[in-house]
Structures are given as structure tokens and as C-alpha cells.
Amino acid sequence: MKKISVLIPCYNEEDNVIPMSQAVEKIIKDKLPQYDYEIVFIDNDSQDHTREYLRAICANNKKVKAILNAKNFGQFNSPYYGMCQTTGDCTISMCCDFQDPVEMIPKLVHEWEQGYKIVSAIKTTSKENPFMRFLRTIYYKLIKKMSDIEQIEQFTGFGLYDKAFIDVLRNLHDPTPFLRGIVAELGFKRKDIPYEQQKRKAGKTHNNWATLYDAAMLSFTSYTKTGLRVATIGGFMVALISLVIAIVYFVMKLTHWEAFPLGIAPAVIGIFFFGSLQLFFIGLLGEYVMSINKRVMNRPLVIEEERINFCNCSEPSSCS
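Reading the values: the criteria
Residues numbered from 1 in each chain as written. Predicted model: local features only at pLDDT ≥ 70, side-chain atom pairs only at ≥ 80, totals over all residues. Heavy atoms only, no water. Helix = DSSP H or I, 4+ residues; strand = E, 2+ residues; numbered from the N terminus. Areas by Shrake-Rupley, 256 points an atom, 1.4 Å probe, with all protein chains shown as cover. Buried < 20%, exposed > 50% of the residue type's maximum accessible area, 1.4 Å probe, protein only. Pairing = 2+ DSSP bridges. Contact = heavy atoms within 4.5 Å. Salt bridge = Lys/Arg side-chain N within 4 Å of Asp/Glu carboxyl O. Arc of directions from axis to C-beta. Polar contact = N/O pair within 3.5 Å; in protein donor to acceptor, adjacent residues only side chain to side chain. Core = buried A, V, L, I, M, F, W, Y, C linked by side-chain atoms within 4.5 Å. Axes fitted to C-alpha atoms, helices over the stretch in contact; angles between N-to-C directions.

S.K.: Tell me about the overall build of the chain, residues and numbers included.
M.R.: Looking only at helices and strands, the chain has ten helices and eight strands in total. Surface exposure of the chain reaches about 17,200 Å², of which carbon and sulfur atoms provide 62%.

This is how it looks when you write it as C-alpha cells:
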């Protein structure tokens, strides 16, 4: 009997963990009774009652497992690590807030059975804030144009991954993983299927401008060279223009001294302009350096505080 793993990352989702586990269990039993299953929650150090509820769920159903992180390891590390701990023939990753519809699970599995190793769910429509969707659309299109690697528009990571691809993830040893980029770069045969992203069922979103900026910069520094190329070419062009302006200014001062009393104003303006330009490119370069630094340090993705209903095997793939 084939086994489906459903990976559900969560953070402060006390209103959603119980309904989500019930909904996933019901749809697998009703629509996919020929499969065994496991539901794996990975909690990113929730500060509400999420962990208490997860322990209760796991106590009532041994097919539900939980990994409790020692602290919050971010929106990318925790789901990636959780996927590497699953033991199914395929793994479905989905959010705990019901924005990723559980009704999509049978559709994902159906495409997997057709031979696709990755089935990515693409947001063709969304009930999220229209302005936020507009910004996301611009971001996806920019990254797609700037990257040398195919980027998947409106793909959040919600989808199905064959165990062969999960093995690829386990062997990457990337301390700053960006799953969407990895799927595009290293993924197997893939099928994209559309869905409408729902509104959050309960609770508040934990995404803000800082987390969105982190996501944008991680993809930008991991999969594009555009920033560095712009800095190099832009620096050369500005230097050339500055040289031309300096020569023209010097000549004008020599030949038309009285008619060209510009004083120190051009110098002050130039200093502020070029100084701000330098700061911008230094900051951009710093984003790349910071990304490199994290990879060089090679810190663990996640430190576990507790895991529930897992066997004692050292290798997740060997657990029964």
C-alpha cells in the first residue's frame, strides 16, 4: 500500500490545527481509501496553545506526528526540514490556515499517479488582498525575467513531491533553502495545476513587510545575477558621465570664468548623489554577502525540542 505524507507547517495556529488535521484525515479516508497516510505538523515555536493541541491530536491518532522546534527558524527552514522528515511515497506540503484547500489533495495525487514527480499548485485566482496580489505578481514577473533559471509564477510551495525529489532535498544540505527556486532548478517532471487561494479560515496572518522582503531577497540573491551586473554597469556608466561632466566643467571654468560662476553647488550635489548611489549598491552587495555568509556557516536548518509519534530510526526514510 502506498503512503501519502501531508506536511503542515504551523506557527500560532491554535484555531486551525485541529480542524486541519480532521479535514485532511477525512478527505484521505473518503477520497483516497487505498492509501496509507501520515500527517506531519512542524511547529515553529508557537506562543499560543498550538503545541498543547498538537499533543492532544497525536495522542488520539498515531498517524499524526509532530515536530516541535526549539525556536522560530523562519518561514523557509521549518517547512523544508519538515518535508525531509516525512516517510511517504509522496509528500504534500500545505499551509495550516486553509488558504491551501484540502480538496486539492486528491487532484494532486491523481496527477502523481500519472507519472509526474512534482505537482505544483498554481494560484490562478486568490481571495487575498488585491493590492498584495498585485505586488506579488510584479515580484514573480521581475524574478522570472531576471533569473537564468525558470521561475514558477504564483507558486507558493503548495503541491505534491515524490519521494525521489524528497531525497534530493535531503542531500542538498542547503542552510538557506528556497523551495520554490529548488523546484524550478532541480525538480523532476512537473505538472502545474490551477487553484483558487482561499481566505485564512481563522487567526491572523504572520506575513508582514519584513517576511515578504526576506522572501524576495532570498530568491533575488539565490537565483539572479542582475543586482551585481546592474551595480557593475551602473558604476561604470556613472563614472564615465562624471568624468565627462568634470572635463566640461573644467573647460568652462577656464574659458568662461566670469560667465560661469557655479561655485561649489555642483560639487555638493554630486557628492550627495554619488554617495547615495554608493550606499545603495553597497547595501545590495551586502544582501549577496549575507546570503553567502549563511551558506558558509552551514548552521542546521532546525533544532528540535520534541518529536511525537516518530519511530527511533535515525534516517526518516527508513521509518515505517
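Let's pick the thread back up.
S.K.: Explain the pairing of strand S6 (residues 155-162) to me, using residue names and the numbers behind them.
M.R.: Within S6, seven of the eight residues are buried, which leaves the element mostly enclosed by the surrounding structure. Sheet topology places strand S5 (residues 118-126) next to S6; four bridges connect them, and they run antiparallel. In the strand pairing of S6, Ile 122 is matched with Phe 155.

S.K.: Before we move on, can you summarise the side chain of Ser 93 with the specific residues and values?
M.R.: Examined against the element boundaries, Ser 93 turns out to sit in strand S4 (residues 90-93). Apart from residues no more than four positions distant in its own chain, Ser 93 is found in contact with Leu 7, Met 83, Gly 157, Phe 158, Gly 159 and Tyr 161.

S.K.: With reference to specific residues and values, describe the pattern of salt bridges.
M.R.: Tallying each qualifying case throughout the model produces 16 salt bridges. The shortest N-O distance in the salt bridge between Asp 36 and Lys 63 comes to 2.7 Å. Highlighted residues: Asp 36 in strand S2 (residues 36-43) and Lys 63 in the loop between helix H2 (50-60) and strand S3 (64-69), separated in sequence by 27 residues. The class for Lys 63 is partly exposed, based on a relative accessible area of 34%. A salt bridge links Arg 170 to Asp 167; its shortest N-O distance comes to 2.7 Å. Note that Arg 170 and Asp 167 are positioned in helix H6 (residues 163-172) at a spacing of three residues, about one turn of the helix. Classification of Asp 167 as partly exposed rests on a relative accessible area of 34%. When salt bridges that share partners are traced, they join Asp 43, Asp 45, Arg 51 and Glu 305 into one network.

S.K.: Which residues make up H6, and what values go with them?
M.R.: Those residues of H6 that fall on the buried side of the exposure criterion are Phe 165, Ile 166, Leu 169 and Arg 170. Buried residues of H6 fall within an arc of 150° about the axis and therefore sit on the same side. Looking at the buried residues of H6, the elements they touch are helix H3 (74-84), S4, S5, S6 and helix H7 (179-186). The distance from a side-chain oxygen at the start of H6 to the backbone nitrogen of Ala 164 is 2.9 Å, and the residue carrying that oxygen is Asp 162.

S.K.: Before we move on, could you go through the nonpolar core and cite the residues and values that matter?
M.R.: Considering soluble globular proteins, one finds that nonpolar side chains tend to be buried as a cluster. Of all hydrophobic cores here, the largest spans 39 residues; its most connected members are Ile 8, Val 24, Phe 41, Met 94, Ile 105 and Val 109. With six residues, the single largest contributor to this core is helix H1 (residues 17-31). In this structure Val 109 touches Ile 4, Leu 32, Tyr 35, Ile 92 and Leu 160, once residues within four positions along its chain are discounted. One finds Tyr 80, Ile 166, Leu 179 and Ile 182 within the second-largest nonpolar core, a separate group that totals 24 residues.

S.K.: Before we move on, can you summarise the sheet that holds strand S7 (residues 190-197) with the specific residues and values?
M.R.: Spatially, the eight strands line up as an open sheet ordered S7-S5-S6-S4-S1-S2-S3-S8, and their pairing is mixed. Of all the strands in the sheet, the pair left with one neighbour each is S7 and strand S8 (304-308). Taking the axes of each pair of neighbouring strands and ignoring which way they run, one obtains an average angle of 20° across the sheet. Here S2 pairs with S3 via five bridges, running parallel. Note on S3: the bridge partner recorded for Ile 39 is Val 64. Running over the sheet, helix H4 (residues 105-113) touches strand S1 (3-10), S4, S5, S6 and S7 and is turned about 50° from S6. Sitting on the sheet, H7 touches S5, S6 and S7, and the angle it makes with S6 is about 55°.

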